[in-house]
Amino acid sequence: MNNQDKIKSALEKIDDGLAAISTNEDWLKYLQFQSLFYNYSFGNAILIYLQSGGQATYVKGYKSWNKLGRYVKKGAKGLAILAPCFRKVEQFKEPDNKNEYHDEQGEKEVRRVISGFKVTYVFDIADTDGSDEYIPVLVKGLAGNSEEEKNIYDNLYRVLSKEFVIQDVTGTASKGSYNLETKVISVRSDLEYLQRIKTLLHETAHAYDFAMNPDDDIPRNRRELIAESVAFVVSMRLGLDTSSYSMGYIQSWLKDKEELKIIADTVQKVSYKIITTLAESEGSAFSDLRESEE
């Protein structure tokens, strides 16, 4: 099978995987898996999910495992994913001051653009052996007592407040809101901390979603599906399971299972944005979320 046939096969598997997500239970199961692979595109996450039967937990390429002091076991079967191929192109650059003109060489810039894709392989940690010394610590099991949940909420509030105005409110029926005009996020202060964490993540997801996709034609129910799905993914990444709430919320806004396919890419991108924001914030308590790119 040549590279183009492999790419075609991979794309067909992505479609098959999305088609298999037919209920909100399926969707939450996939989102739980995606929380482990937030830095992969939704297409590659689907490919890893299908080929591993949902059992993969941490994947790297052959050489990347070697750099971490581990080796791939003999006979291990790799998981095929799609990797972009780049090429360099020259193009004219608009001057900062359009009243100024420069010679041709000065107006050119070199950029890397995607020229296509190739199939490459990654291996799950279960298919490797060796040292654990350089494996990144994944945040797990933080849920359980209110003091830990309070600490998570306080740290979320501190990091996200650097970018958004967040206010505590009382006397409202809704648990939280995001104001499109003022860009203010509101969270009810009389809620328990686990709910406040989930609500803050939900409203932050709204903020990023509207910034990435400002189109007024996107239906409200899809906006809500995106926000709750992102909140679930990030919560899982923090070791908090909000499925008992998110399950019903997603069901209440889901009109057609086809909508899950439509929002999948946005859910991945917004989840990635929030998780990397938490991990990379100076002095962040969420530094354990930080991972090197493949």
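Before any of the text, the structure's been laid out above.
Attention in this report is confined to the structure presented alongside it. Note on numbering: residues in each chain are counted from 1, in written sequence order. Only residues with pLDDT of at least 70 are given local features in this predicted model, and only at 80 or more are side-chain atom pairs given and counted; all residues enter the totals for whole chains, interfaces and linings. Only hydrogens and water are set aside when side-chain values are computed; all heavy atoms of the structure are taken into account.

1. A look at the overall build of the protein
Next, step 1: Along its length, the protein carries nine helices and eight strands.
Next, step 2: Only protein chains enter the area calculation, which uses a 1.4 Å probe; residues under 20% of their type maximum are buried, those over 50% are exposed, and those in between are partly exposed. Taking all 294 residues of the protein together, the buried fraction comes to 43%.
Next, step 3: Two residues form a contact once any of their heavy atoms are found within 4.5 Å. Counted over contacts in the protein with a minimum sequence separation of 6, partners at least 24 positions apart contribute 70%.
Next, step 4: Working note: accessible area of the protein is about 16,100 Å², and carbon and sulfur atoms make up 48% of it. Secondary structure counts use DSSP, requiring at least four H or I residues in a row for a helix and at least two E residues in a row for a strand, with both numbered from the N terminus. Here the accessible surface of atoms and residues is derived via Shrake-Rupley with a 1.4 Å probe, and residues count as covered only by protein chains that are part of the display.

2. Overview of the pattern of salt bridges
Next, step 1: Throughout this description, the term salt bridge denotes a Lys or Arg side-chain nitrogen within 4 Å of a carboxyl oxygen of Asp or Glu. Under the definition given, this model contains nine salt bridges.
Next, step 2: Between Glu 259 and Arg 222 there is a salt bridge, and its shortest N-O distance comes to 3.5 Å. Placement of the pair is Glu 259 in helix H9 (residues 258-280) and Arg 222 in helix H7 (residues 220-237), with a sequence separation of 37 residues.
Next, step 3: Overall, Glu 259 belongs to the buried group, its relative accessible area being 7%.
Next, step 4: Here Lys 269 and Asp 265 are joined by a salt bridge, their closest N and O atoms 3.0 Å apart. Remark: Asp 265 and Lys 269 occur in helix H9; sequence separation between them is four residues, near one turn of the helix.
Next, step 5: Residue Lys 269 is classed as partly exposed on the basis of its relative accessible area, which comes to 43%.

3. Brief notes about a nonpolar patch on the surface
Next, step 1: Patch membership requires more than 30% relative accessible area and the absence of a salt bridge. Residues of like charge join within 9 Å; the nonpolar side chains Val, Leu, Ile, Met, Phe, Trp and Tyr join within 5 Å. A cluster of nonpolar side chains, Phe 86, Ile 114 and Phe 117, forms an exposed patch at the surface whose accessible area comes to about 300 Å².
Next, step 2: Along the polypeptide, Phe 117 turns up in strand E4 (residues 108-124).

4. Quick word on the packing of H7 against helix H8 (residues 243-253)
Next, step 1: A fitted line through C-alpha atoms serves as each axis, taken over the contacting stretch for helices, and the angle formed by two N-to-C directions is quoted from 0 to 180°. H8 packs onto H7 with a crossing angle of 165 degrees between their chain directions and a minimal axis gap of 9 Å. Taken as axis vectors, H7 and H8 run roughly antiparallel relative to one another. Viewed along their axes, H7 and H8 form a crossing whose handedness is left-handed. On the side of H7, the interface is formed by Arg 220, Asn 221, Glu 224, Leu 225, Glu 228, Ser 229 and Phe 232, while H8 contributes Ser 243, Tyr 245, Ser 246, Tyr 249, Ile 250 and Trp 253.
Next, step 2: Nonpolar residues are Ala, Val, Leu, Ile, Met, Phe, Trp, Tyr, Cys and Pro. Charged residues are Asp, Glu, Lys and Arg, and all others, Gly as well, are polar. Looking at the contact of H7 with H8 residue by residue, the class counts come to six nonpolar, four polar and three charged. Comment on the angle field: the value is read as roughly parallel under 35 degrees, roughly antiparallel over 145, roughly perpendicular from 65 to 115, and oblique elsewhere. Each crossing gets its handedness from the near helix: less than a right angle anticlockwise from the far helix is left-handed, clockwise is right-handed.

5. Focus on unusual backbone geometry
Next, step 1: Residues other than glycine seldom take positive phi values, yet Lys 183 does so here, at roughly 65 degrees.
Next, step 2: With respect to the secondary-structure elements, Lys 183 resides in the loop between strand E7 (176-178) and strand E8 (184-188).
Next, step 3: On the basis of relative accessible area, Lys 183 is assigned to the partly exposed category, the value being 43%.

6. Some remarks on the side chain of Lys 198
Next, step 1: With respect to the secondary-structure elements, Lys 198 resides in helix H6 (residues 193-212).
Next, step 2: The class of Lys 198 is buried, set by a relative accessible area of 4%.
Next, step 3: Setting aside anything within four residues of it in sequence, one finds Lys 198 in contact with Glu 228, Ala 231, Ser 235, Thr 242 and Tyr 245.

7. Notes on helix H5 (residues 146-160)
Given 3.6 residues per helical turn, the α-helix brings residues three or four places apart onto the same face.
Next, step 1: An expected span of 1.5 Å times one less than the residue number is assigned to each helix. For H5, spanning 15 residues, the distance from its first C-alpha to its last is 21 Å, which sits close to the expected 21 Å at 1.5 Å a residue.
Next, step 2: Listing the buried residues of H5 in full gives Glu 149, Ile 152, Tyr 153, Leu 156, Val 159 and Leu 160. Viewed along the axis of H5, the buried residues span an arc of 135 degrees, placing them on a single side of the element. Think of it as the arc spanned by the lines of direction from the helix axis to the C-beta atoms.

8. Some words on the environment of Gly 116
Next, step 1: Mapping Gly 116 onto the fold places it in strand E4.
Next, step 2: Distance from Gly 116 to Leu 82, taken between C-alpha atoms, is 9.8 Å for residues 34 residues apart in sequence.
Next, step 3: Those residues in contact with Gly 116 that sit more than four places away from it in its chain are Ala 83, Pro 84 and Cys 85.

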